[in-house]
Amino acid sequence: MPRLRRKPDRIVGPDGRRRLTRNEKVGVASLVSLVGVAAVGVIAGILLDRLLDFDDALDAGGEWDEGGGVFTRWD
């Protein structure tokens with residue numbers, strides 16, 4: 001005997017508008033969470049880029065091509 005399929009329940013509020021189901025609420029909340037985490041990551045990246053000058057942090061002093069070879073970097 002085949003199972004009868006039910007239509008999904010639709011909850012209608014007193015104002016006549018359809019309310020979100022539990023699954024729809026979870027989906028919206030997870031989407032909002034992902035967008036929020038992405039926004040925080042972008043903002044943190046921009047702040048780090050503005051506050052830190054990575055060219056100076058990676059430069060240990062001297063140039064690689066001063067003319068005398070790599071050993072002159074440490075003199």
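The structure we're discussing is the one just above.
Each value, and the rule that gives it
Residues numbered from 1 in each chain as written. Predicted model: local features only at pLDDT ≥ 70, side-chain atom pairs only at ≥ 80, totals over all residues. Heavy atoms only, no water. Helix = DSSP H or I, 4+ residues; strand = E, 2+ residues; numbered from the N terminus. Buried < 20%, exposed > 50% of the residue type's maximum accessible area, 1.4 Å probe, protein only. Areas by Shrake-Rupley, 256 points an atom, 1.4 Å probe, with all protein chains shown as cover. Salt bridge = Lys/Arg side-chain N within 4 Å of Asp/Glu carboxyl O. Patch = residues over 30% accessible without salt bridge, like charges linked within 9 Å, V, L, I, M, F, W, Y side chains within 5 Å.

Turning next to the overall build of the protein. A tally of helices and strands in the protein yields 2 helices and 0 strands. When each of the 75 residues of the protein is scored for burial, the buried share is 4%. Here the protein displays about 7,500 Å² of accessible surface, and carbon together with sulfur accounts for 62% of that area.

Our next topic: the pattern of salt bridges. A complete count under the given rule lists 1 salt bridge for this structure. Of the charged contacts, one joins Arg-18 and Glu-24 as a salt bridge, the two residues approaching to 3.3 Å between their closest N and O atoms. The partly exposed category is assigned to Glu-24, whose relative accessible area is 26%.

The next point concerns a nonpolar patch on the surface. Judged by side-chain polarity, Ile-43, Leu-47, Leu-48, Leu-51 and Leu-52 come together as a nonpolar surface patch covering roughly 520 Å² of accessible area. The residue Leu-52 is located in the loop between helix H1 (22-51) and helix H2 (54-58) in this model. Exposure remark for Leu-52: the relative accessible area of 43% places this residue in the partly exposed category.

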